Amino acid sequence: MVKVKFCGIRRTEDIEAVNRLKPDLAGFVFAKSKRQISKDQAAALKELLDPGIKTVAVLVNMPVEEAAALANTGIADLLQLHGDEDAAYIAKLKTLTGAKIIKAIRLRSGGLPVQGNGAEERVYTANAGLLAEAAQADYYLFDTFLPDTYGGTGKTFSLSLLNNLLIDKPFFLAGGLDADNVAEIIRQVQKDTTLLPFFYGVDVSGGIETDGVKDPIKMKAFMKAIRGKEKT
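Trainee: I'm lost on the overall build of the protein in this one. Help?
Mentor: Within the protein, the secondary structure is distributed over seven helices and 10 strands. Residues classed as buried in the protein amount to 47% of the 232 residues present. Contacts in the protein between residues at least 24 apart in sequence constitute 64% of all its contacts with a sequence separation of at least 6. Accessible surface computed for the protein: about 11,000 Å², of which carbon and sulfur atoms make up 51%.

Trainee: I keep staring at the packing of aromatic side chains and nothing clicks. Help me out?
Mentor: By convention here, two paired aromatic rings are described through the distance between centres and the angle between planes. Inspection of every chain in the model, using the stated rule, returns seven aromatic pairs. An aromatic cluster of at least three residues, connected via ring pairs, comprises Tyr140, Phe142, Phe171 and Phe199.

Trainee: So what exactly am I meant to see when it comes to the pattern of salt bridges here?
Mentor: Once the charged atoms of two side chains with opposite charge are near each other, the side chains can pair. Throughout the structure, instances matching the rule amount to 11 salt bridges. The shortest N-O distance in the salt bridge between Lys5 and Asp203 comes to 2.4 Å. Of this pair, Lys5 sits in strand β1 (residues 3-6) while Asp203 sits in strand β8 (residues 199-204), placing them 198 residues apart in sequence. For Lys5, a relative accessible area of 0% gives the class buried. With its nearest N and O atoms 2.9 Å apart, the salt bridge here joins Arg227 to Asp24. With Arg227 in helix α7 (residues 216-227) and Asp24 in the loop between α1 (12-21) and β2 (25-29), this residue pair connects regions lying 203 residues apart in the sequence. Exposure remark for Arg227: the relative accessible area of 17% places this residue in the buried category.

Trainee: Explanation requested: unusual backbone geometry in the structure shown.
Mentor: Excluding glycine, residues mostly carry a negative phi; peptide bonds, for their part, are mostly trans. Non-glycine residue Asn61 carries a positive phi angle of around 55 degrees. In this structure Asn61 comes out as partly exposed when scored by relative accessible area, which is 37%.

Trainee: What is the right way to read the nonpolar core from this model?
Mentor: Across soluble globular proteins, nonpolar side chains show a tendency to be buried alongside one another. If you look at the biggest cluster of nonpolar residues, it comprises 63 residues, and the most contacted ones within it are Phe6, Phe142, Leu162, Leu173, Val202 and Phe222. Not counting residues within four places of it along the chain, the set of residues in contact with Phe142 comprises Ile105, Leu107, Leu131, Phe157, Leu162, Ile167, Phe171, Phe172, Leu173 and Ala174.

Trainee: How should the confidence of the model for the protein be read in this particular structure?
Mentor: Reading predicted coordinates in detail is not appropriate for stretches of low pLDDT. Mean pLDDT over the protein works out to 90, with 90% of the residues at or above the 70 mark. Note that residues 111-117 has pLDDT below 50 and, in this model, 13 contacts with residues that lie over four places away or in other chains.

Trainee: Can you walk me through the pairing of β8 in this structure?
Mentor: Side-chain direction in a regular strand flips from residue to residue, so the side chains alternate between the two faces of the sheet. Burial runs high along β8: five of the six residues are buried. When β1 meets β8, the two strands line up parallel, connected through four bridges. Its bridge partner lying in β8, Lys3 is registered against Gly201. What joins strand β7 (residues 171-173) to β8 is helix α6 (residues 182-190), and the crossover it makes is right-handed.

Trainee: What is the right way to look at the packing of α1 against α7 in this model?
Mentor: Closest axis-to-axis distance for the α1/α7 pair is 10 Å, and the angle between their directions is 25 degrees. With respect to each other, α1 and α7 are oriented roughly parallel. Handedness of the crossing formed by α1 with α7: right-handed. Note on element contacts: α7 touches α1 through Pro216, Met219, Lys220 and Met223, opposite Asp14, Ala17, Val18, Arg20 and Leu21. A breakdown of the residues in the contact of α1 with α7 according to their chemical character gives six nonpolar, no polar and three charged.

Trainee: Explain α7 here, please?
Mentor: Because an α-helix packs 3.6 residues into every turn, residues spaced three or four apart end up facing the same way. Helix length check: α7, at 12 residues, gives a terminal C-alpha distance of 16 Å against a target of 16 Å (1.5 Å per residue), a fit within 8%. Inspection of α7 places Met219, Phe222, Met223, Ile226 and Arg227 among the buried residues, and these make up the whole buried set. The arc that holds every buried residue of α7, seen down its axis, measures 110 degrees, which confines them to one face. Where the residues of α7 are buried, they touch β1, α1, α6, β8 and β10 (213-214). In this structure Asp215 caps α7, since a side-chain oxygen of it lies 2.9 Å from the backbone nitrogen of Ile217. Just beyond α7, the residue with positive phi is Gly228, at close to 75 degrees.

Definitions and limits used
Within each chain, residues carry numbers counting from 1 in the order of the written sequence. The predicted nature of this model means local features are confined to residues of pLDDT at least 70 and side-chain atom pairs, given and counted, to a pLDDT of 80 or more, with totals for whole chains, interfaces and linings taken over all residues. To get the side-chain values, all heavy atoms of the structure are used, and hydrogens and water are removed first. Put simply, DSSP marks the helices as runs of H or I at least four residues long and the strands as runs of E at least two long, and each gets a number from the N terminus on. Residue burial is assigned from relative accessible area. The probe radius is 1.4 Å, only protein chains are included, and a residue is buried under 20% of its type maximum, exposed over 50%, and partly exposed in between. Here, two residues are considered to be in contact whenever any of their heavy atoms come within 4.5 Å of each other. In these tables, accessible area is a Shrake-Rupley quantity obtained with a 1.4 Å probe, and a residue counts as shielded only by the protein chains included in the view. Centres within 6.5 Å are what make two rings of Phe, Tyr or Trp a pair, Trp counting through its six-membered ring; a difference in plane orientation under 30 degrees is then read as stacked, over 60 as edge-to-face, and the rest as tilted. Any carboxyl oxygen of Asp or Glu within 4 Å of a side-chain nitrogen of Lys or Arg constitutes a salt bridge here. Nine residue types can take part in a nonpolar core, namely buried Ala, Val, Leu, Ile, Met, Phe, Trp, Tyr and Cys, and a core is a set of them joined through side-chain atoms within 4.5 Å. On a scale of 0 to 100, pLDDT captures the predictor's confidence in every residue. Following DSSP output, two strands are said to pair if at least two bridges run between them. Convention used here: a crossover is right-handed provided that the path from the first strand, over the helix, to the second strand proceeds clockwise when the strands point away from the viewer. Note on method: axes are straight lines fitted to C-alpha atoms, helices fitted across the in-contact stretch only, with angles between N-to-C directions ranging 0 to 180 degrees. Convention used here: angles under 35 degrees read as roughly parallel, angles over 145 as roughly antiparallel, angles from 65 to 115 as roughly perpendicular, and any remaining angle as oblique. We call a crossing left-handed when the near helix sits turned anticlockwise from the far one by less than a right angle, and right-handed when that turn is clockwise. When residues are grouped by polarity, Ala, Val, Leu, Ile, Met, Phe, Trp, Tyr, Cys and Pro land in nonpolar, Asp, Glu, Lys and Arg in charged, and all others, Gly among them, in polar. Helix span, as expected, comes to 1.5 Å for every residue beyond the first. Within this analysis, the arc is defined by the directions that extend from the helix axis to the C-beta atoms. Polar contacts here mean pairs of N or O atoms no more than 3.5 Å apart (in protein, one a potential hydrogen donor and the other a potential acceptor; neighbouring residues in sequence count only if both atoms are side-chain atoms).

Put into structure tokens, the structure is as follows:
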């Protein structure tokens, strides 16, 4: 079964909806963002969360000791690195905590940031390099690249960007997912025999919001699109 991560959980009302709908993971954003919350807020929200739902700390270039502490103090079950964290950072983090690590890889496309003659080859080389830096993580998370932002783009990417990448561990898909497109995107990945063995889950944030706030109706529709049945 495809795992579902609701990201950007920041209010008591969000937790209530998560507990009803039961996605597999709930993400707390600690990076600078409109969805950012503090460690104390995250701890309080986790106290209200169904214990069967794992928490994910979403981080951007946080000092490695602080990142480890979020897991070691029980606030986060998993750590998602969404910044410029390299192989050395991941290696150090793994010496400080036993928490599983998700490394976000913001896939470059043919028009951005490389273009001109040989652009396709350079795009592949750039994406393969990002994958190599993330090799020590436990999961990949593929997201859309846009300049000057580390995530939350609300933009999908072409699944063709995954072609020929040496994906060797479970991965999440993120970027522009919503109730209207997620089922078809899942279908496309599942029919690809090279991707299917490693396809683990989907990650959504903006696609379950209205005016920047988590919308229980959209959250329910997203779960229904994937699980194929109503949740109450």
